[in-house]
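Descriptive analysis of the structure
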Amino acid sequence: MRNFQTLDEAKVDSASESMEMFLSAADDDEPRLAIRREGAYVTLSASYGPLEIAMRPRYEELMRAIARLTIVDGLMTTRQVGTSHAYLALGLHNDGSLLMRLTIVADATGHLSINLRLTDAVRQQLYQWLNVAAYNGRDVRDTQT
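First things first, this report covers the structure right here in the doc. All figures in this text were calculated on a predicted structure; none of them were measured in a lab. (Residues numbered from 1 in each chain as written. Predicted model: local features only at pLDDT ≥ 70, side-chain atom pairs only at ≥ 80, totals over all residues. Heavy atoms only, no water.)

**So, the sheet that holds strand β5 (residues 41–48)**
What counts, and what does not: Note on pairing: two strands pair once DSSP finds at least 2 bridges between them. Runs of H or I in DSSP of at least four residues are treated as helices and runs of E of at least two as strands, each being numbered from the N terminus. Here an angle of 0 to 180 degrees is reported between the N-to-C directions of two axes, which are lines fitted to C-alpha atoms, with helices fitted over the stretch in contact.
Strand order in the open sheet formed by 5 strands is β2-β3-β4-β5-β6, with antiparallel pairing between adjacent strands. Single-partner strands in this sheet number two, and they are β2 (9–13) and β6 (51–55). Here the average twist between neighbouring strands, direction ignored, is 15°.

**Observations concerning the environment of Asn 94**
For Asn 94, the position within the fold is in the loop between β8 (86–92) and β9 (98–107). For the pair Asn 94 and Val 72, spaced 22 residues apart in sequence, the C-alpha to C-alpha distance is 8.9 Å.

**A few points about the pattern of salt bridges**
As a reminder, the rule being used: One side-chain nitrogen of Lys or Arg within 4 Å of one carboxyl oxygen of Asp or Glu is enough to make a salt bridge. Each residue gets one of three labels from its accessible area relative to the maximum for its type: buried under 20%, exposed over 50%, partly exposed in between, using a 1.4 Å probe on protein chains only.
Across all of its chains, the model carries 5 salt bridges by this definition. The closest approach of N and O atoms between Glu 38 and Arg 56, which form a salt bridge, is 3.3 Å. With Glu 38 in strand β4 (residues 31–38) and Arg 56 in the loop between β6 and α1 (59–67), this pair connects stretches of sequence that are 18 residues apart. A relative accessible area of 47% means that Arg 56 is categorised as partly exposed. Residue Arg 58 is joined to Glu 61 by a salt bridge in which the shortest nitrogen-to-oxygen separation is 3.8 Å.

If you want it as structure tokens, here you go:
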């Protein structure tokens with residue numbers, strides 16, 4: 001069973017042009033997600049205490065995956081960005097939360113993942129920061145099928 005940690009607070013650092021998401025009632029050892037745009041790429045750093053998974057997917061691929069997210073009952077994640085060895089799985093839920101599962105695959109014997117849930121408010125801040133509305137011209141949450 002996957003254990004998703006909730007991130008309910010976000011702050012933008014305009015000096016470093018990055019956004020950090022975290023649990024408001026936690027200390028520095030709790031899960032955190034930092035994201036930064038670097039040209040054609042987006043740098044993601046998910047950490048839990050001293051453990052970190054860092055990824056650098058292409059901005060266009062990430063935006064395409066987010067724009068195509070739909071709520072599918074029974075599935076936690078419905079889109080992936082990356083390769084078969086390192087990927088970000090994304091899922092949208094009825095309550096507006098966004099699941100993000102950053103995974104590094106070793107080989108057929110196992111993998112390492114950090115499972116995060118962004119609350120609806122944090123998801124909206126992330127979409128605004130990434131400028132998702134300009135990418136697809138609609139509210140991504142309104143993509144239920």
